[in-house]
Structures are given as C-alpha cells and as structure tokens.
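Each chain, letter by letter, is given below.
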Amino acid sequence: MTGSTLSPTERTRVRLHPERAVYDREVMYRILDEALVCHVGVVVDGAPRVLPTAIVRIGDFAYIHGSPANQSLAALAAGAPACITVTLIDSIVAGRSGFGMSMDYRSVMIFAAAEKIVDPGEKERLVAAFIEDICPGHQVRAPKPKEIAATLFVRFPLTEASVKIRNQGVVDPEEDYRLDTWSGVIPLQLTAGEPRNCSALKHGIAVPDYAKNYRRGR
Ligand SMILES: Cc1cc2nc3c(=O)[nH]c(=O)nc-3n(C[C@H](O)[C@H](O)[C@H](O)COP(=O)(O)OP(=O)(O)OC[C@H]3O[C@@H](n4cnc5c(N)ncnc54)[C@H](O)[C@@H]3O)c2cc1C
C-alpha cells in the first residue's frame, strides 16, 4: 500500500529546480483529477511514441483506454514500460528577456508498466468512471457487450511518480527590474463555452445544468 508521501526513486527525484518538487500524493491526485488528458510515452517497434489520451484516476491507479488496434495501447498491454505526463498550465510568465519568459504550471510524471483490465464488469465500471470524470452528471445508455469487448483498458500503479510545480511568477535578474518594459503574469484557465445541441437531438430535450455550468479546475 502506498502512503501519503511520494517516495522519490533514482528516476523520480527532481534534480533541476528541486525546490519545485512536491512529494505529496494528494497534490498529485488533484493534478491528475483536474487533467482531461495525459501524454503516454512508450516505445513501439523500437521507436518512441507519445500518445495524447484521456486519463482517469481511481485510487492509486491511472486508467487509459482505447481501441485494441491502437498500437501504443497494444504495446503497453503487452508490458512495454511507460512514462506518462500530465500538464496543467496556470499562467504565462512574461519576463523582461527571452530567458525570463516562462510558465507557471503543475505537472506529474509517472513511470509504470501497464496492467490490462480483462474483467467485463470492471470494464463497464470504467466506462462509467470515464464519463463521470470527463462530463460529471452526463447520462448515457448502457454499454453493449460488443463495445466493452472492443475496448482495451489498462491501468498504471501510481507508485513511482513525481510532481513539479512552478508558482513563482516573474523571476528576472535584478538589473532587468529597471527596464521600461511591462512584465507580469497572465493567468490561464480552461473555460467552457455555451453548450450546442447535437444536430440530431430529439425535440423537446433541454440543455441540462451540468452542461450549462461545466467547469474544470480550481
Ligand atoms: C508547461 C511546462 C513548460 C516547460 N518548459 C520548459 C522549457 O521550455 N525548457 C525546459 O528546459 N524545461 C521546461 N519545463 C520543465 C521540464 O519539464 C523539466 O522539468 C526540466 O526541463 C528539467 O528536465 P530534466 O530532465 O533535467 O529533469 P530532472 O530534474 O533531471 O528530472 C528527474 C526527474 O524529475 C521528475 N521531473 C522532471 N521534470 C518534471 C516535470 N515537469 N513534472 C513532473 N516531474 C518532473 C521526473 O520524475 C524526472 O525523471 C517545462 C515544464 C512544464 C510543465
């Protein structure tokens, strides 16, 4: 069982800007839960690939899914080691030089080998978990057995992982603070727009509140 602290390994100890490392499992969970997508790095046929894909965290595992024809997923399901990153960008940091330009962010890196989910009942629960994570409150019909059979789910244990957070704003050399140029932070966030009905929507179905009020993040 994993504790509340992320114990750094030789691979996950943050060396560059170690003051930005956060070895707190709850902080990692919050980043993973806010993210809609991750990037999964895996070697396929001798060459690296990075797969952007939806991610859901349940307990101490991160789950991804897709078609069995997805080559990256198939390699992962066959045991290829993965490196997964999740990135949330909080601000553009506009410094007074090219070197002073930056971003404030929260990011996670996970090293793990995948475990394939085979039980159809668990796969069905994962379908529900992905829906609830991506669009909380959304109601869908039950998945068909052939849809479940045609979907590959894998999970990664969150045992070897790191969190790095930059939350510093502008950090310029002292002499640059005298320059007559604007410098500061431009906060960024993911905001939902006005929902648009499906063009084939049955007459009389109102836009639900969860769609009108969708929000993600802090
Ligand atoms: C939005 C964003 C933009 C960035 N832009 C740049 C850029 O332009 N140039 C640049 O050099 N760097 C950038 N970084 C930082 C970059 O991700 C690396 O942290 C940094 O380059 C150090 O790499 P390294 O391999 O020397 O890290 P090391 O400190 O040697 O890495 C050791 C271990 O620390 C952990 N680690 C390292 N980086 C991260 C991370 N970001 N998140 C979680 N764990 C981590 C991993 O477990 C890794 O194996 C950016 C990060 C983010 C999130």
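Calculation criteria
Residues numbered from 1 in each chain as written. Predicted model: local features only at pLDDT ≥ 70, side-chain atom pairs only at ≥ 80, totals over all residues. Heavy atoms only, no water. Near = heavy atom within 4 Å. Polar contact = N/O pair within 3.5 Å; in protein donor to acceptor, adjacent residues only side chain to side chain. Areas by Shrake-Rupley, 256 points an atom, 1.4 Å probe, with all protein chains shown as cover. Helix = DSSP H or I, 4+ residues; strand = E, 2+ residues; numbered from the N terminus. Buried < 20%, exposed > 50% of the residue type's maximum accessible area, 1.4 Å probe, protein only. Pairing = 2+ DSSP bridges.

**Student:** How do you make sense of the site of the ligand when you look at a structure like this?
**Tutor:** Close to the ligand lie 15 residues, the nearest being R11, R15, S107, S162 and K164. S107 is positioned with one of its side-chain polar atoms (N or O) 2.6 Å from a nitrogen atom of the ligand. K164 places a polar side-chain atom, nitrogen or oxygen, 2.7 Å from an oxygen atom of the ligand. Within the complex, the protein chains bury 58% of what would otherwise be the 870 Å² of accessible surface of the ligand.

**Student:** Help me understand unusual backbone geometry in this model?
**Tutor:** With the exception of glycine, the majority of residues adopt a negative phi angle, and the majority of peptide bonds are in the trans configuration. With a phi close to 55°, H17 is a non-glycine residue in the positive phi region. Tracing the sequence through the fold places H17 in the segment before α1 (25-34). Classification of H17 as partly exposed rests on a relative accessible area of 36%. The phi angle at D45 is positive, at roughly 50°, despite the residue not being glycine. With respect to the helices and strands, D45 occurs in the loop between β1 (37-44) and β2 (47-54). On the basis of relative accessible area, D45 is assigned to the exposed category, the value being 75%.

**Student:** Honestly, the pairing of strand β8 (residues 152-157) in this entry has me stumped. Any pointers?
**Tutor:** Working note: regular strand, side chains alternate between the two faces of the sheet. The element β8 is extensively covered by neighbouring structure, given that five of its six residues are classed as buried. As judged from the six bridges shared by strand β4 (residues 61-66) and β8, these two strands associate in the antiparallel manner. Its bridge partner being in β8, G66 is matched across the sheet by L152. When strand β7 (residues 115-117) meets β8, the two strands line up antiparallel, connected through three bridges. Of the residues in β8, the one forming a bridge with K116 is V154.

**Student:** How should I be thinking about the pairing of strand β6 (residues 102-113) in this particular structure?
**Tutor:** As paired elements, strand β5 (residues 81-94) and β6 share twelve bridges and run antiparallel to each other. Residue pairing across strands places P81 opposite A113, the latter belonging to β6. For β6 and strand β9 (residues 160-166), the ladder comprises seven bridges, and the chain directions are antiparallel. In the strand pairing of β9, R106 is matched with I165.

Functional significance is not addressed by these values, which are geometric in nature.
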